[in-house]
Amino acid sequence: MLDSIIDFIKTFLMLFFELLILFIIVSFIVSLIQQVVSEDKIKRFLSKPNQAINYIFGMVFGAITPFCSCSTLPILAGLLNSKIPFGPAMSFLIASPLMNPLMLFMLWALLGWKVAVVYLVVLAIFSILTGLIFSKMNLAESYKGVNVKGDGFFANKTGSRFKQALNDAWAFLYPMLPYLFIGVFIGAFIYGFVPATFITKYASGDGIISVFIASVIGIPMYIRPETMLPIAEALVSKGMSLGTVVALIIGGAGASIPEVVLLSKLFKKKFVVSFVIAIFFVAIASGLIVNMII
């Protein structure tokens, strides 16, 4: 028992400080990028005559702006109020929570580069396709045209870019610390005390059933990626399939209850239902693809 407790403490400390350093470095770099990529530039790029390019730009800008939903949705409302094409704005909405650099780097560090690359490619394609489909479905009519205020990385700032990036890195890390602590604690506990046979027996399947169940559980569960990813690594180490874990992460990060509630303030019910179905579909598809390839 004493050996298990010592292993738990070692695992916790190693994983916590590894992710802490990763958070600070990636947040610092992203802040430097975002000081160049202003909201006005996003609007300009998403309004280009070539519509195909607009969808790609929407996905890219969403990927390099790791906003939480409280910041993503005010930016989205600003884009739509500025008459930005609806489809590319939807690609931005999908990519922002699911493809942010912190999630990708954590996937790489915890589950391996192959998972991170497959995840990136699948989600990039999905965010573009979702923008196209939502546009064809005339879901633009579901937008209520409201103004939402929120503070994000585009807020007015003073000081050098280096100092701003340091401030942003801390500002992003500080509210994440409790979630990171909880995730690492649970992950270390699974490493040390949950028998591998338990995970293998109940959650090791790599078929559509296990991926489907993980997708269903992920959406209402609302475990932040910062919390879920350390847990995911521990689950994989005990025998859970990579695809099942990926489906769980996408379900929770892509259509959490708080985000759905906020979306209902901006859009009518038809859009909200379509959005949840889309996230559910990509969670299942991504999980199956990961299990197939890796």
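Residues numbered from 1 in each chain as written. Predicted model: local features only at pLDDT ≥ 70, side-chain atom pairs only at ≥ 80, totals over all residues. Heavy atoms only, no water.

**Q** Account for helix H3 (residues 51-63), naming residues and giving values.
**A** The end-to-end C-alpha distance of H3, which contains 13 residues, comes to 19 Å, matching closely the 18 Å that a straight helix rising 1.5 Å per residue would cover. All of the buried residues along H3 are Asn54, Tyr55, Gly58, Met59, Phe61, Gly62 and Ala63. (Helix = DSSP H or I, 4+ residues; strand = E, 2+ residues; numbered from the N terminus. Expected span 1.5 Å × (residues − 1). Buried < 20%, exposed > 50% of the residue type's maximum accessible area, 1.4 Å probe, protein only.)

**Q** For the nonpolar core, give the residues involved together with the corresponding values.
**A** Judged by nonpolar contacts, the single largest core of 76 residues is most densely connected at Met90, Leu107, Tyr119, Ile250, Phe267 and Phe271. With near-sequence residues (within four places) excluded, Tyr119 lies in contact with Leu98, Met103, Leu104, Leu107, Val246 and Ile250. In this structure, Ile42, Leu46, Ile75 and Leu79 belong to the second largest nonpolar core, which totals seven residues. (Core = buried A, V, L, I, M, F, W, Y, C linked by side-chain atoms within 4.5 Å. Contact = heavy atoms within 4.5 Å.)

**Q** Got a sec to walk through the packing of aromatic side chains? Specific residues and values, please.
**A** The relative placement of two aromatic rings is captured by the distance of their centres and the angle of their planes. Tallied over the full model, the rule gives 17 aromatic pairs. Both rings, one in Phe8 and one in Phe185, keep their centres 5.3 Å apart while their planes meet at 85°; by these two values the pair is edge-to-face. Of this pair, Phe8 sits in helix H1 (residues 2-36) while Phe185 is found in helix H8 (residues 161-193), placing the two residues 177 residues apart along the sequence. Classification of Phe185 by relative accessible area gives partly exposed; the value is 40%. Judged by centre distance (6.5 Å) and plane angle (75°), the rings of Phe12 and Phe185 are edge-to-face. Of the two residues, Phe12 is situated in helix H1 and Phe185 in helix H8; the sequence distance between them amounts to 173 residues. Since its relative accessible area comes to 12%, Phe12 is described here as buried. (Phe/Tyr/Trp six-rings, centres within 6.5 Å; stacked < 30°, edge-to-face > 60°.)

**Q** Help me get a handle on the packing of helix H5 (residues 86-98) against helix H14 (residues 269-293), residues and values and all.
**A** A pair of packed helices can be characterised by two numbers: the angle between their axes and the separation between those axes. Their axes nearest at 13 Å, the elements H5 and H14 cross at an angle of 50°. Overall, the two elements H5 and H14 adopt an arrangement that is oblique. Considering the relative orientation of H5 and H14, their crossing is right-handed. Within the contact between the two elements, H5 uses Phe86, Met90, Leu93, Ile94 and Leu98 and H14 uses Phe271, Phe275 and Ile279. Taken together, the residues of the contact of H5 with H14 sort by class into eight nonpolar, no polar and no charged. (Axes fitted to C-alpha atoms, helices over the stretch in contact; angles between N-to-C directions. Parallel < 35°, antiparallel > 145°, perpendicular 65-115°, else oblique. Left-handed = near helix turned anticlockwise from the far one by under 90°. Nonpolar A, V, L, I, M, F, W, Y, C, P; charged D, E, K, R; others polar.)

**Q** Give a detailed account of unusual backbone geometry, specifying residues and quantitative values.
**A** A positive phi angle, near 60°, is found at Asn138, a position not held by glycine. Summarising the element assignment, Asn138 is placed in the loop between helix H7 (113-136) and H8. The exposure class of Asn138 is partly exposed, given its relative accessible area of 47%.

**Q** Tell me about helix H12 (residues 242-254), and name the residues and values.
**A** Helical periodicity: at 3.6 residues per turn, an α-helix aligns residues three or four positions apart in one direction. Given a rise of 1.5 Å per residue, 13 residues ought to cover 18 Å, and the 18 Å separating the end C-alpha atoms of H12 matches this to within 8%. With 13 of 13 residues buried, H12 lies mostly within the body of the structure.

**Q** For a nonpolar patch on the surface, give the residues involved together with the corresponding values.
**A** A contiguous nonpolar surface patch, about 830 Å² in accessible area, is contributed by Trp108, Trp113, Val117, Val121, Ile125, Leu129, Leu132, Ile133 and Met137. The element best represented in the nonpolar patch is H7, accounting for seven residues. Here Val117 is to be found in helix H7. (Patch = residues over 30% accessible without salt bridge, like charges linked within 9 Å, V, L, I, M, F, W, Y side chains within 5 Å. Areas by Shrake-Rupley, 256 points an atom, 1.4 Å probe, with all protein chains shown as cover. Salt bridge = Lys/Arg side-chain N within 4 Å of Asp/Glu carboxyl O.)

**Q** Give a detailed account of the environment of Gly251, specifying residues and quantitative values.
**A** Counting through the fold element by element, Gly251 comes out in helix H12. For the pair Gly251 and Ser215, spaced 36 residues apart in sequence, the C-alpha to C-alpha distance is 5.2 Å.

**Q** I'd like a description of the packing of H12 against H14, backed by residues and values.
**A** Look at H12 against H14: their axes get within 7 Å of each other, and the N-to-C directions meet at 160°. Relative to H14, H12 is oriented roughly antiparallel. Crossing of H12 against H14: the hand is right-handed. Here H12 contributes Leu242, Gly243, Thr244, Val246, Ala247, Ile250, Gly251 and Gly254 to the contact with H14, which in turn contributes Phe275, Ile279, Val282, Ala283, Ser286, Gly287, Val290 and Asn291. Here the contact of H12 with H14 is built from residues that sort into nine nonpolar, seven polar and no charged.

Treat this as a map of the structure, not an account of what it does.
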